[in-house]
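Commentary on secondary and tertiary structure
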Amino acid sequence: MYSRRCFVWLKNSLLWKSNFRKCSLTKILIALFSLSSLSFLAYQCLIDHSHVKRHEIPVSTIECRLNPVSGGMFSPSDHSSSSNHRIDNKVLVIVETQYSYLGQDIIHLLEAIRVKYKVEPNGKTLPYLTHGNKGKYSAIIFENFDAYVNMDAWNRELLDKYCRDFNVGIISFVASRDNIAYSKRMKDFPLTIYQYMAIEDYELNPMSNIWRITRPGEIIRGPLKDDEWVIFQFEHATYKPLSYAKLSRNYGRYIDLSGNTVFPAIQDLGLLDGIQKVIFGNGLRFWLHCLVFLDSLSYLSHGKLSLPLDRYVLIDIDDVFVGAAGKRMKVSDVHALLAAQNRLRSHIKGFYFNLGFSGKYYQKGTPEENLGDRLLVEMRDKFWWFPHMWHHEQPHKFQLPALERGMLQNYHFAQKYNIPVVNNYAVAPHHSGVYPVHEPLYEAWHKVWNITVSSTEEYLHLRPARRRRGFFYRGIKVLPRQTCGLYTHNLLIDKYPGGREKLDASIRGGELFQTFLYNKVNIFMTHMCNYGSDRLALYTFESAVKFLQCWTNLHLQTIPPQDLAQVYFSSYPDELNPIWVNPCRDKRHLAIWSPRKVCNTLPHLIVIGPQKTGTTAIYTFLNMHPSIRSNVKQPVIFEELHFFSSDQYYNKGLDWYMNAFKLDNPNQTDIVFFEKTAAYFDNPMAPMRIASLIPDVKLVLILLDPIKRAYSWYQHARAHQNPASLNYTFYEIITAGEGSHKIQRDLRNRCLNPSLYAQHLERWLDYFHPSQLLILDGQEIKENPPLVMSKIQKFIEVKPYIDFRKLLRYDAKKKFYCQVLSTDNTKCLGPGKGRVYPPMEESAYRFLKMFFRRHNVALSKLLMKLNQATPVPAWLKEDLQETL
Ligand SMILES: Nc1ncnc2c1ncn2[C@@H]1O[C@H](COP(=O)(O)OS(=O)(=O)O)[C@@H](OP(=O)(O)O)[C@H]1O
């Protein structure tokens, strides 16, 4: 086709040339231009001709040269030992700076394999390494080995002792500092480093005992990319090479290297200082070091940070009938697909291609391609099938009836052609409706197809891919999808963006290889066009799995999507609950979010509690402001939404939450929404969930004397007929020990825990900048609410400014401030707020004074660090003066 088009161009241009003499000067110029374009086109035609002529479809050329002896010798160990019971599965990473490249690479890799980490910049005092008799870290990583070697004596001693006591190892890197080759003897170690070396023919030492995922035996032939290698020479049996290479250059007599074999990564068995180490002579941009790094982590942490060897693979052909005529699969492509499926089964146990379909596009290609469609359907039982939409429509644009109608058409198509759809799995075009969640899609999937598993690239966001996760919502398990680098326009290998080398680099140790390496479950999206033309998908996956088998001990397998979801969520149970992010803050999310939805119905302010500190008074007073509006009250929970603190409400979804905030019209912009849920403050999930959805929200925290707060809760419990509060005195409740009744202990916890202000506040500060937080004194809310309301108004910069002295008046009967209705009338909070109850027993007061002492000290320190504009609450000052 391309060549025919070129021919027409050539012919037309030549005809135009025959009238050349009649042309004016301008025409001559145009002709010249045309001639040059012509030659360019002719050149292009030739080039493209070569494409068309090239009848060879690219095939994978990867062959393992694996030495059969060494290959067979290694049965992967998980490195576990009794030492791993005493350490947490977290890593301490000491980086050069917050932004240094290698430091970032290390952190990104840890994130990709879901290993928890703490990052500390070099030079700072070490964080606490233990809690109780447990070690906090199962491995220590130094971005720069020099930072470890030159650590100040105190910290070094502390760290070495920790490593010895808990049998924890160190991974570190040595980088070339200057652009000249030289050698240097390492301080304190019988180790010489040679920097700025060029090396070639890299291979791993098969005799090392660290290999688990890595399969040594292969050689990376030829020179390695940069000259910046560091190699090691040693004079002690504590060191063992992890890898070998050859020098690519002769460095002359100044560099004394005996023999040509050098060691670019080494293992220190700890014979000298009792600490095992792995030291790399280059960073993680060299792909093989990522693999060695994984095994080093596993080995040095005694298996605590060991990754499994199983890798689950699902290759979806996103829509097997959707593709422009001329780019679709033909009969030969369908045969090739089946043949590749059979070949892949020898590398991936139980492998099937998973074919998505939108029935409307069946038989919509050229006659040749329609035969391909027909053959696919004839071979239906050879593949797995899953439903897409009927005409590949984006679900977020439709409501339930239309979605159901479309799905039913696709359903009838499947029935008509006997397509076996048995896996309860579906995906949506462009991820639309899956996340951000479009409730009608979930409903329609249930109704029409009984879908229980889906997958998307968009949760939490498309990028970075290493942070994609899964979630469970409305009975559907949504798994993360990975990207394999093939899109609808990738038809020919020579036209692959960045060239064939780019695709091959991804397969041979690059992005695709590392995706397999880091993710236990890999669901890839491919497209019908990737299986026509050059069949790039077949080339890509056949090459990728062969390369994986050359270099790793990973076991690849395909299992039905439902089982896959089971594997995924039993490995990562923390991910079951979804996390809601604001669709308006991610362009891609916004593009697949219902056009009916508006962005401005999320609160700007949240009163986070804790309970019994005066939160209802603040809620009521805020609602008196003409521009401030709370959520609408809900059945059972009334004004408190509990969205961020209760799974039950959080799982009602984002629509439920956003629908609780009502504008008079969608364009209204003069309203400041707020919500108050007093249980947020001490809830472990609330800060993370709020920060994910409304990262720039403003927060109001109220701190009342913790003793008063505890007693008020006890009285609240009595008023609600809580059996423990009716059967036990306050003193008996707050002093309940582990031997006490559960109801007693539960009430004790509700009385005391929210009052541990410093502890909870620290968690909020992990997610929010101090400037987002206004801390109020609960006593001041009781005594001078107009002043408090003035502080809040300034904090949220709301207009107009309202003087609450005119709106609130002290009510002698209620003994609290109430809303002014008229000169004689006020409206006070209900009988449940500002209760009358007997004073606290002296013994309870004394006990609590002692109990809260250290927590109050911690709070005062924290507040001092925050340097808040609001002064420290009066009760805290008094307490510290009394007790210290
Ligand atoms: N204006 C006004 N009217 C009534 N009550 C007031 C007021 N200002 C502050 N307070 C104090 O608020 C306490 C109840 O706190 P909360 O509203 O946060 O309680 S709850 O967690 O929502 O149940 C409540 O606690 P108790 O006195 O123990 O009932 C009051 O002390």
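An account of the accompanying structure is given in this report. (Residues numbered from 1 in each chain as written. Predicted model: local features only at pLDDT ≥ 70, side-chain atom pairs only at ≥ 80, totals over all residues. Heavy atoms only, no water.)

Comments concerning the overall build of the protein
Put simply, the test is: Where helices and strands are cited, they refer to DSSP runs of H or I of at least four residues and of E of at least two residues respectively, numbered from the N terminus. Residue burial is assigned from relative accessible area. The probe radius is 1.4 Å, only protein chains are included, and a residue is buried under 20% of its type maximum, exposed over 50%, and partly exposed in between. We call two residues in contact whenever any of their non-hydrogen atoms come within 4.5 Å of each other. To be clear on the numbers: accessible area is Shrake-Rupley with a 1.4 Å probe, and residue cover counts the displayed protein chains and nothing else.
Looking only at helices and strands, one finds 29 helices and 31 strands in the protein. Dimensions along the principal axes, computed over C-alpha positions, put the protein at roughly 105 × 75 × 65 Å. Buried residues in the protein amount to 55% of all 884 residues. In the protein, once contacts between residues fewer than 6 apart in sequence are set aside, the share between residues at least 24 apart is 77%. Put simply, the protein shows about 40300 Å² of open surface, and 54% of that area lies on carbon and sulfur atoms.

A look at helix α4 (residues 101–112)
Which entries qualify depends on this criterion: Expected helix span is computed as 1.5 Å times (number of residues minus one).
When the terminal C-alpha atoms of α4 are compared, their 16 Å separation across 12 residues agrees well with the 16 Å that a helix rising 1.5 Å per residue should span. Counted residue by residue, α4 has nine buried out of 12 residues, so it is predominantly covered. Among the residues of α4, those classed as buried are L102, G103, D105, I106, I107, L109, L110, E111 and A112. Just downstream of α4, R114 is the residue with a positive phi angle, here 60°.

Side note on the environment of D811
Along the chain, D811 turns up in strand β29 (residues 808–811). A sequence separation of 151 residues divides D811 from A660, and the C-alpha atoms of the two residues are 32 Å apart. Discounting chain neighbours no more than four positions away, the residues touching D811 are F816, C818, T826 and C828.

Description of the site of the ligand
Put simply, the test is: A molecule or strand has a residue near it when one of that residue's heavy atoms lies within 4 Å. For the purposes of these results, a polar contact is taken to be a pair of N or O atoms within 3.5 Å, where, inside protein, one atom must be able to donate a hydrogen and its partner to accept one; residues adjacent in sequence count only when each atom of the pair is a side-chain atom. Residue classes follow a fixed rule: Ala, Val, Leu, Ile, Met, Phe, Trp, Tyr, Cys and Pro count as nonpolar, while Asp, Glu, Lys and Arg count as charged, and any other residue, Gly among them, counts as polar.
Contacts to the ligand come from 18 residues, most closely from T615, T616, S712, G834 and Y837. Between the ligand and G614, the relevant distance is 3.1 Å, taken from an oxygen atom to a main-chain nitrogen or oxygen of the residue. One of the side-chain N or O atoms of T615 is found 2.5 Å from an oxygen atom in the ligand. Protein chains bury 96% of the 640 Å² of accessible surface belonging to the ligand in isolation. For the shell around the ligand, the secondary structure elements donating two or more residues are α17 (615–622) and β30 (816–820). When residues of the shell around the ligand are assigned to their parent elements, the largest contribution, four residues, is made by α17. Its residues assigned to classes, the shell around the ligand shows six nonpolar, seven polar and five charged.

Structural notes on the sheet that holds β29
Stated formally: By this definition, two strands are paired if DSSP reports at least two bridges between them.
In spatial order, the strands read β29-β30-β31; together these three strands make up an open sheet with antiparallel pairing. Single-partner strands in this sheet number two, and they are β29 and β31 (826–827). Judged from the four bridges that link them, β29 and β30 form a sheet pairing that is antiparallel. In the strand pairing of β30, L808 is matched with Q819.

Some details on the environment of Y539
With respect to the helices and strands, Y539 occurs in helix α14 (residues 536–551). Exposure remark for Y539: the relative accessible area of 5% places this residue in the buried category. Considered as a pair, Y539 and Y182 are 357 residues apart in the sequence and their alpha carbons are 44 Å apart. If near-sequence neighbours (up to four positions away) are discounted, Y539 is found in contact with P58, V59, S60, I493, R500, L503, D504 and I507.

Quick look at unusual backbone geometry
In most cases, non-glycine residues show a negative phi, while peptide bonds are predominantly trans. In this model, Y459 is joined to L460 through a cis peptide bond whose omega is -10°. One can find L460 in the loop between β19 (453–456) and β20 (471–473). Look at the link from G609 to P610: it is a cis peptide, with omega at 0°. Within the secondary structure layout, P610 lies in the loop between β24 (605–609) and α17. For D188, which is not glycine, the phi torsion reads 75° and is therefore positive. Secondary-structure assignment places D188 in the loop between β7 (182–185) and β8 (191–197). Classification of D188 by relative accessible area gives exposed; the value is 51%. A positive phi angle is found at N424, which is not glycine, with a value near 55°. Within the element layout of this structure, N424 appears in the loop between α10 (400–416) and α11 (439–449).

Concerning the state of the cysteines
What counts is decided by this rule: By disulfide we mean two sulfur atoms from cysteines, separated by a distance within 2.5 Å.
Applying the stated rule across the entire model yields three disulfides. The disulfide that involves C584 links it to C599, with 2.0 Å between the sulfurs. The sign of the S-S torsion, about -95°, decides the handedness of the disulfide formed by C584 and C599: left-handed. Placement of C584 in the loop between α15 (561–571) and α16 (587–591) and of C599 in the loop between α16 and β24 is noted, with a sequence separation of 15 residues between them. Under the relative-accessibility criterion, C599 is labelled partly exposed at 38%. Paired by a disulfide, C818 and C828 hold their sulfur atoms 2.0 Å apart. One disulfide, between C818 and C828, carries an S-S torsion of 100° and so falls in the right-handed class. Placement of C818 in strand β30 and of C828 in the loop between β31 and α28 (842–866) is noted, with a sequence separation of 10 residues between them. A residue is classified by how much of its surface remains accessible, and C818, at 1% relative accessible area, is buried. Looking at the unpaired C484, the closest cysteine sulfur is the one in C529, lying at 13 Å.

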